[in-house]
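Structure at a glance
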Amino acid sequence: MTVVADEQVLSGTAATITARFSDQDGDLTEPAGTVTVGIVDEAGTTVVAPGAATTSGTTGVRTYTLAASATDAPKVLIATWTNGTISTTTRVEVVGGFYASVRQVRDSDAVLDDPRKYSSAQIVAARRSVEREFEDYTGVAFVPRYRRVRLDGTGKDELVLPDSELRSVRSVREYDSDNNFETYTNPELAAIPASRAGVAVRTDGELWERGRSNIVIEYLHGYDRPPADVLEAFYLRVRDILNRQNRGVPDRATTFTSEVGGTYSLLVAGRNGSITGIPDVDVVLRRYSRRIPGIA
């Protein structure tokens, strides 16, 4: 359910975004000439005009610093980087929060407070992986997130969204042809209340016009912050991922024999009903799941 993006940045902060240019084998290669960037949001609104100068990093890497005004609210930004001959596109998800900061992850276990063994980049990657895992399994975001989706109009006052915990509706376009649409007014948007179930209900007496893929809706969804048990499960799972190489047990092993001779069965993610291979984490994910059994 989470947005597939190349990077995540926190809303309301200045942030450096990155592009990587690759050769035919996927390895980094230096693009010829000057690389510029232009950025739009998912509705096509210009955030940074094409031609903005970028900064060179290591071989094949270019960066651009977004002003805080460009990340003023959760959204998805689409950046097109080009040297006039070749182009690459990256997607940046502006999020309303993270489950925990890098500092908080380090503070959750003294072992992680060693940047030589656990770099900030590794912690950010693990954090992102676990956030996506939790939200994909449960069907709910534990921090505020943005979504833009195209749906079939129902001809009723209710429209079921792909996400639960609807916070607010930011915009609606109602299409009557490929290019012709009506934009909902602010009073019309205000008449669609928050919904834990993720159902956008029109309370102004109007209906969602019946049609095929005729409604484009942008909205915010998710909790204000992770509940305490979700946060504890998050820390457990992040530590598990960061220490995969230190386990001393082959990834495919299902049993383990100790030095004193005892043999034990191992809980393996994806087998025998386990989600992550960590019972305490699995219990929490099942507790908060909004998924209907048998439906992804």
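All values reported here derive from a predicted model rather than from experimental measurement. (Residues numbered from 1 in each chain as written. Predicted model: local features only at pLDDT ≥ 70, side-chain atom pairs only at ≥ 80, totals over all residues. Heavy atoms only, no water.)

Glycine aside, a negative phi is what most residues show, and trans is what most peptide bonds show. Phi is positive for Glu165, close to 55°, though the residue is something other than glycine. Mapped onto the fold, Glu165 is located in the loop between β10 (158-160) and β11 (166-175). For Ser213, which is not a glycine, the phi torsion comes out positive at approximately 55°. You can see Ser213 is positioned in the loop between β13 (199-201) and β14 (215-221). Since its relative accessible area comes to 32%, Ser213 is described here as partly exposed. (Helix = DSSP H or I, 4+ residues; strand = E, 2+ residues; numbered from the N terminus. Buried < 20%, exposed > 50% of the residue type's maximum accessible area, 1.4 Å probe, protein only.)

Ranked by internal contacts, the top residues of the largest apolar core, which has 27 residues, are Val105, Phe134, Phe142, Phe234, Val238 and Leu242. Of all the secondary structure elements, the ones that give two or more residues to this core are α1 (102-107), α2 (120-138), α4 (228-242) and α5 (279-288). At 7 residues, the largest contribution of residues to this core is made by α4. Counting residues in hydrophobic clusters, the runner-up holds 18 residues, among them Val35, Ile39, Tyr64 and Ala70. (Core = buried A, V, L, I, M, F, W, Y, C linked by side-chain atoms within 4.5 Å.)

This paragraph deals with the packing of aromatic side chains. Taken as a whole, this structure holds 8 aromatic pairs when the rule is applied. Between Tyr184 and Trp208, the aromatic rings sit 5.7 Å apart at their centres with planes inclined by 20°, giving stacked as the arrangement. Remark: Trp208 occurs in the loop between β13 and β14 and Tyr184 occurs in the loop between β12 (181-183) and α3 (186-190); sequence separation between them is 24 residues. Look at Tyr184 and you get buried, because its relative accessible area is 5%. Members of the aromatic cluster, each reached through a chain of ring pairs, are Tyr99, Phe134, Phe142, Tyr223, Phe234, Tyr235 and Tyr288. (Phe/Tyr/Trp six-rings, centres within 6.5 Å; stacked < 30°, edge-to-face > 60°.)

Checked against the element boundaries, Gln122 lands in helix α2. For Gln122, a relative accessible area of 40% gives the class partly exposed. As for Gln122 and Val102, which are separated by 20 residues in sequence, their C-alpha atoms are 9.8 Å apart. Not counting the four nearest positions on each side in its chain, Gln122 is found in contact with Lys117 and Leu242. (Contact = heavy atoms within 4.5 Å.)

Our focus in this paragraph is the packing of α2 against α4. Remark: α2 packs on α4, axes separated minimally by 9 Å, with the N-to-C direction vectors making an angle of 125°. As the angle between them shows, α2 and α4 are arranged oblique. Crossing geometry of α2 relative to α4 is assigned as right-handed. Where α2 approaches α4, its residues Gln122, Ile123, Ala126, Arg127, Ser129, Val130, Glu131, Glu133 and Phe134 are matched on the opposing element by Val230, Ala233, Phe234, Arg237, Val238, Ile241 and Leu242. Looking at the contact of α2 with α4 residue by residue, the class counts come to 10 nonpolar, 2 polar and 4 charged. (Axes fitted to C-alpha atoms, helices over the stretch in contact; angles between N-to-C directions. Parallel < 35°, antiparallel > 145°, perpendicular 65-115°, else oblique. Left-handed = near helix turned anticlockwise from the far one by under 90°. Nonpolar A, V, L, I, M, F, W, Y, C, P; charged D, E, K, R; others polar.)

Where strand β3 (residues 36-41) and strand β4 (residues 46-53) come together, 4 bridges link them in antiparallel fashion. Bridge assignment links Val40 to a residue of β4, and that residue is Thr46. Linking β3 to β4, which pair antiparallel, is a turn of 4 residues; within it Gly44 sits at a positive phi near 90°. (Pairing = 2+ DSSP bridges.)

Among the secondary structure elements, Ser195 is positioned in the loop between α3 and β13. From its side chain, Ser195 meets the backbone nitrogen of Val199 in a polar contact 3.1 Å long. (Polar contact = N/O pair within 3.5 Å; in protein donor to acceptor, adjacent residues only side chain to side chain.)

Let us now look at α2. Owing to its 3.6 residues per turn, the α-helix brings residues three or four apart onto one side. Between its first and last C-alpha, α2 extends 27 Å over 19 residues, near the 27 Å set by a 1.5 Å rise per residue. Listed in full, the buried residues belonging to α2 are Ile123, Ala126, Arg127, Arg128, Val130, Glu131, Phe134, Glu135 and Thr138. After α2 finishes, the residue Gly139 shows a positive phi value of roughly 80°. (Expected span 1.5 Å × (residues − 1).)

Of the positions making up α5, those classed as buried are Val281, Asp282, Val284, Leu285 and Tyr288. Along the axis of α5, the buried residues cluster in a sector spanning 165°; they form a single face. Along α5, the residues that are exposed and aim more than 90 degrees away from the buried face are Asp280 and Arg287. (Arc of directions from axis to C-beta.)

Moving on, we come to the pairing of β14. For β14, a buried count of 7 out of 7 residues is recorded, marking the element as mostly surrounded by other parts of the structure. Side chains Ile215, Ile217, Tyr219 and His221 of β14 all project onto a buried face; the interleaved residues Val216, Glu218 and Leu220 project onto the opposite face, where all are buried too. Sheet topology note: the strand β9 (residues 145-151)/β14 ladder contains 7 bridges and is antiparallel. If you follow Arg148 over to β14, its bridge partner there is Glu218.

What follows concerns the sheet that holds strand β5 (residues 55-56). Spatial ordering of the open sheet is given by β2-β6-β5, a layout of 3 strands whose pairing is antiparallel. Looking at which strands have only one partner, the edges of the open sheet turn out to be β2 (15-20) and β5. Strand direction decides the pairing type here: β5 and strand β6 (residues 61-66), joined by 2 bridges, are antiparallel. The residue of β6 that forms the bridge with Ser56 is Arg62.

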